[in-house]
Amino acid sequence: MNPKECRYTKEHEWIRPETGGFGKVGITNYAQSQLGDIVFLALPNVGTRVEQFQKMGEIESVKAVSDLFTPVSGQILEINQAAANKPELVNQDPYGAGWLVRLKLSNLAELDKLMPSAEYDQFEAKLTEDSSH
Amino acid sequence: MQTLRTPLNKVHHDLKAKIVEFAGWELPIWFTSILEEHRAVRSRAGIFDVSHMGRIQVSGENAGAFLDRMFTRPAQRLAVGSSQLCLMCLENGGILDDLFVYRVDGEQYLIIWNASHSQQKLDWVLSQKEEFPDVTVRNSTLDTAMLAVQGPDAIHLKDMNRLSQLPRFGHAQAKIAGFDVRVARTGYTGEDGFEVISEAADAVPLWESFTQQGVTPCGLGARDSLRLEAGMLLYGQDMDTSTNPFEADLGWLVDLDDTDFIGKQALQAANKWGIKRKLVGFQMNGREIARTGYSIYQSGREVGRVTSGSYAPTLGVNIGMGYVPIELATIGTDIQIMIRNQLVDARLVSKRFYKRR
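All residue numbers here refer to positions counted from 1 along the written sequence of the relevant chain. Going through the entries in the order they are written, you letter the chains from A and number the ligands from 1. In keeping with the model being predicted, local features are shown solely for residues with a pLDDT of at least 70 and side-chain atom pairs are shown and tallied solely at 80 or more, while totals for entire chains, interfaces and linings include all residues. Where side-chain values are given, they derive from all heavy atoms of the structure, hydrogens and water being excluded.

Peer 1: Describe the overall build of chain B, with residues and values.
Peer 2: The helix count covers DSSP runs of H or I at least four residues long, the strand count covers runs of E at least two residues long, and both are numbered beginning at the N terminus. Across its full length, chain B carries seven helices and 20 strands. C-alpha atoms define the radius of gyration in this analysis, and the globule rule sets the expected value at 2.2 Å times the number of residues to the power 0.38. Here the C-alpha radius of gyration of chain B, 20 Å, is about what a compact globule of 357 residues would show, namely 21 Å. Judged by the C-alpha coordinates and their principal axes, chain B covers about 60 × 50 × 40 Å. By residue count, 59% of the 357 residues in chain B fall in the buried class. Should any heavy atoms of two residues lie within 4.5 Å, those residues are counted as being in contact. Residue pairs at least 24 apart in sequence account for 66% of intrachain contacts in chain B once pairs closer than 6 positions are excluded. Calculation of accessible area relied on Shrake-Rupley with a 1.4 Å probe; when residues are assessed, cover is drawn exclusively from the protein chains displayed. Counting every atom, chain B has about 15200 Å² of accessible surface; 48% of that belongs to carbon and sulfur. The positive count covers Lys and Arg only, the negative count covers Asp and Glu only, and His and the chain ends enter neither. Here the site of a charge means NZ on Lys, CZ on Arg, CG on Asp, or CD on Glu. For chain B, the distance from the average position of its 39 positive side-chain charges to the average position of its 42 negative side-chain charges is 6 Å. Relative accessibility decides the category of a residue: with a 1.4 Å probe and only protein chains considered, values under 20% of the type maximum give buried, values over 50% give exposed, and everything between is partly exposed.

Peer 1: I'd love a proper account of helix H7 (residues 264-273) of chain B, names of residues and values included.
Peer 2: All names here are of chain B. Three or more residues of H7 are buried, namely Lys264, Leu267 and Ala270. With its buried residues spanning 120° around the axis, H7 presents them on a single face. Facing away from the buried side of H7 by over 90 degrees, the exposed positions are Gln265, Lys272 and Trp273. The inward-facing, buried residues of H7 contact strand S6 (83-89). Positive backbone phi, at 85°, marks glycine 274, one or two positions downstream of H7. The arc in question is formed by the directions pointing from the helix axis toward the C-beta atoms.

Peer 1: Talk me through the interface of chain A and chain B; I want residue IDs and the actual numbers.
Peer 2: Listed as interface residues are 18 residues of chain A and, on the opposing side, 16 residues of chain B. The junction of chain A with chain B conceals about 1500 Å² of combined surface from both sides, 52% of it contributed by carbon and sulfur atoms. When two parts are brought into contact, each loses some accessible area as probed by a 1.4 Å sphere; the total of that loss over both is the buried area. Per-residue buried area on chain A facing chain B is highest for Phe40, Val62 and Lys63 of chain A; these three make up 39% of the total on that side. Every case where a carboxyl oxygen of Asp or Glu lies within 4 Å of a side-chain nitrogen of Lys or Arg is listed as a salt bridge. Counting the contacts that link chain A with chain B gives four salt bridges. The salt bridge partner of arginine 291 of chain B is glutamate 60 of chain A, with a shortest N-O separation of 2.6 Å. The term polar contact refers here to a pair of N or O atoms within 3.5 Å; inside protein, the definition further demands a hydrogen-donor-capable atom paired with an acceptor-capable atom, and it admits residues adjacent in sequence only when both atoms are side-chain atoms. At the boundary of chain A and chain B, one finds 13 residue pairs in polar contact (both at pLDDT 80 or more). Those elements that provide at least two residues to the side of chain A that touches chain B are helix H1 (29-35), strand S4 (38-42), strand S6 (55-61) and helix H2 (81-85) of chain A. The classification used treats Ala, Val, Leu, Ile, Met, Phe, Trp, Tyr, Cys and Pro as nonpolar, Asp, Glu, Lys and Arg as charged, and all other residues, Gly among them, as polar. Residues of the side of chain A that touches chain B, tallied by class, amount to nine nonpolar, five polar and four charged.

Peer 1: Would you mind going over the nonpolar core in detail, with residue names and values included?
Peer 2: All names here are of chain B. Remark: nonpolar core denotes a set of buried residues (Ala, Val, Leu, Ile, Met, Phe, Trp, Tyr, Cys) joined through side-chain atoms within 4.5 Å. The biggest cluster of nonpolar side chains holds 27 residues, and the ones touching the most others in it are Met160, Phe194 and Phe210. Every element with two or more residues in this core is listed here: strand S10 (144-150), strand S11 (171-176), strand S12 (179-184), strand S13 (193-199) and helix H5 (203-211). Counting residues per element, this core draws most heavily on H5, at four residues.

Peer 1: Which residues make up the environment of aspartate 202 of chain B, and what are the values?
Peer 2: Locating aspartate 202 of chain B in the fold gives a position in the loop between S13 and H5. Separated by 195 residues in the primary sequence, aspartate 202 of chain B and proline 7 of chain B have C-alpha atoms spaced 8.7 Å apart.

Peer 1: Describe in detail helix H4 (residues 118-127) of chain B, supporting the description with residues and values.
Peer 2: All names here are of chain B. Those residues of H4 that fall on the buried side of the exposure criterion are Lys121, Leu122, Trp124 and Val125. Taken end-on, H4 shows its buried residues confined to a sector of 160°, consistent with a single buried face. On the buried face of H4, the contacting elements are strand S5 (54-59), helix H3 (63-70), S6, strand S7 (95-105), strand S8 (108-113) and strand S9 (136-139).

Peer 1: Residue-level account of the pattern of salt bridges, with values.
Peer 2: As enumerated under the stated definition, the model contains 26 salt bridges over all chains in all. For the salt bridge of glutamate 58 of chain A with arginine 340 of chain B, the shortest nitrogen-to-oxygen distance reads 2.4 Å. Of this pair, glutamate 58 of chain A sits in strand S6 while arginine 340 of chain B sits in the loop between strand S19 (334-339) and strand S20 (342-349), which puts the two residues in different chains. Under the relative-accessibility criterion, glutamate 58 of chain A is labelled buried at 8%. A residue is classified by how much of its surface remains accessible, and arginine 340 of chain B, at 26% relative accessible area, is partly exposed. Among the ionic pairs, lysine 158 of chain B bridges to aspartate 159 of chain B, the shortest N-O distance being 3.7 Å. A relative accessible area of 54% means that lysine 158 of chain B is categorised as exposed. One salt-bridge network, in which partners are shared between bridges, spans Lys55, Glu58, Glu60 and Asp67 of chain A together with Arg291 and Arg340 of chain B.

Peer 1: Now, about the packing of helix H2 (residues 34-43) of chain B against helix H6 (residues 220-229) of chain B: what can you tell me, with residues and values included?
Peer 2: In a packed pair of helices, the relevant descriptors are the angle between the two axes and the axis-to-axis distance. All names here are of chain B. Simply put, an axis is a line fit to the C-alpha atoms, just over the touching stretch for a helix, and the angle between two N-to-C directions goes from 0 to 180 degrees. Two numbers describe how H2 lies on H6: the axes approach to 8 Å, and their chain directions differ by 55°. Looking at the two axes, H2 sits oblique to H6. Relative to H6, H2 is oriented so that their crossing is right-handed. Packed against H2, whose contacting residues are Ile34, Glu37, His38, Val41 and Arg42, the element H6 presents Gly221, Ala222, Ser225, Leu226 and Glu229 at the interface. Considered class by class, the residues forming the contact of H2 with H6 number four nonpolar, three polar and three charged. The cut-offs work like this: below 35 degrees is roughly parallel, past 145 is roughly antiparallel, 65 to 115 is roughly perpendicular, and the gaps in between are oblique. Crossing chirality is assigned from the near helix's rotation relative to the far helix, an anticlockwise turn below a right angle marking it left-handed and a clockwise turn marking it right-handed.

Peer 1: Quick rundown of the layout of surface pockets? Include the residues and the values.
Peer 2: Think of a ball as big as a water molecule: rolled over the atoms, this probe shows where empty space is left. By volume, the second largest pocket amounts to about 930 Å³. A 1.4 Å probe that fits but cannot get out identifies a cavity on a 1 Å grid over protein atoms alone, an open set with protein on both sides within 12 Å along at least five of seven lines counts as a pocket, and a residue lines either if it has an atom within 4 Å of a point. Forming the walls of the second largest pocket are 34 residues, and the residues nearest its centre are Gln34 of chain A together with Lys16, Ala17, Lys18 and Ile19 of chain B. Here the residues of the lining of the second largest pocket sort into eight nonpolar, 16 polar and 10 charged. Grid points are joined across faces, edges and corners, and a volume is the space filled by probe spheres set on the points.

What follows is the structure in structure tokens.
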């Protein structure tokens, strides 16, 4: 199950909003299961300004490299150094220890463009169903 | 074109493997994790469904002479019960495929080639057969299955332990789990192991006879990372019709002395005049991974392309292969790879990244 307090993108990123207009960002359980073993994270530098739905990094699995998009606009405050050093944390705990960046949102209204967890659950179920046929 | 399914397709789905399309076949890329499967093969044993590999029977009077015309090493020199890796080239020396030839009996051979461009290769072989009217070419790919059982424990498995006398590249009829199969001591992982060809109908119980002994099901992802660590080339990526065997560092698969095979003249010339570029191995200095198609730089100049690149699970570093100008193709040469618009340091190393002890 995808955490209720998070909001989700169609590209399978999540953001967990915090009071004060901050938020941690990561990739969903579905995303990590599709990527397989993650071996390298190319994350934006602290201080970088990012625009909603634009590419902000890359995730390397053994097999392939995938783009990481930001769910919201804002400024990168922190990157998860533990996950950068040990990328398998993203596979093991995508909503917890495997978070990727923390940022300061520049426009809280952008959260309304993201899917609530119930909607993302359905979105994920549909994708899983399609790929099994 | 309809995607082809191996006789083990249902087993893969039942095991909840992640499935991809590869060379027109539906195949598992991993069952649980590429890293786990890779390590299982290096430390114990893994099993791969390689039924997508083409299996072509060539028999009849002059079958050996026909293959000697088609391939870069004479098949007629093979003893019955042995096999060899060789190449099929075009007249201009470009590589059409790398393949195994097994000598099964006097004028009876079995070819194992890559799944890609299967029909084109078969058409090419048949188009060259005019002078060999008594030779029969039969595609047995869909009637049979092929399993690769690889890793240091493979030789200790039930019914395999009786094959310890089988030399590397040797093959024989055998009974495994009660099924009549052809077993070859070959593989694409850099480990000891076997490739087992059975009737299609026997594939599922045969597979299960291995997995019930604890052999780990492995997918194409681990197959690729294992072969890259062992310095083995992947057709279509590390070589194709635009590369000749010397450029691909496969000169050892070309016999320019004995027979008159297709492409020999061009390859004699290439051997005489030398080559301009060569396939080399490299190791990244940092944690970035060079992927297929990335540009290779030296002294600020683009000098070549990466053909394969991956994290090497056994070595804990990132490795790859690519073509560079011959004057740079020396172990120890510093190069850079363009990754995410930045030049990242790497150095040339032996392509045999991993050597089993």
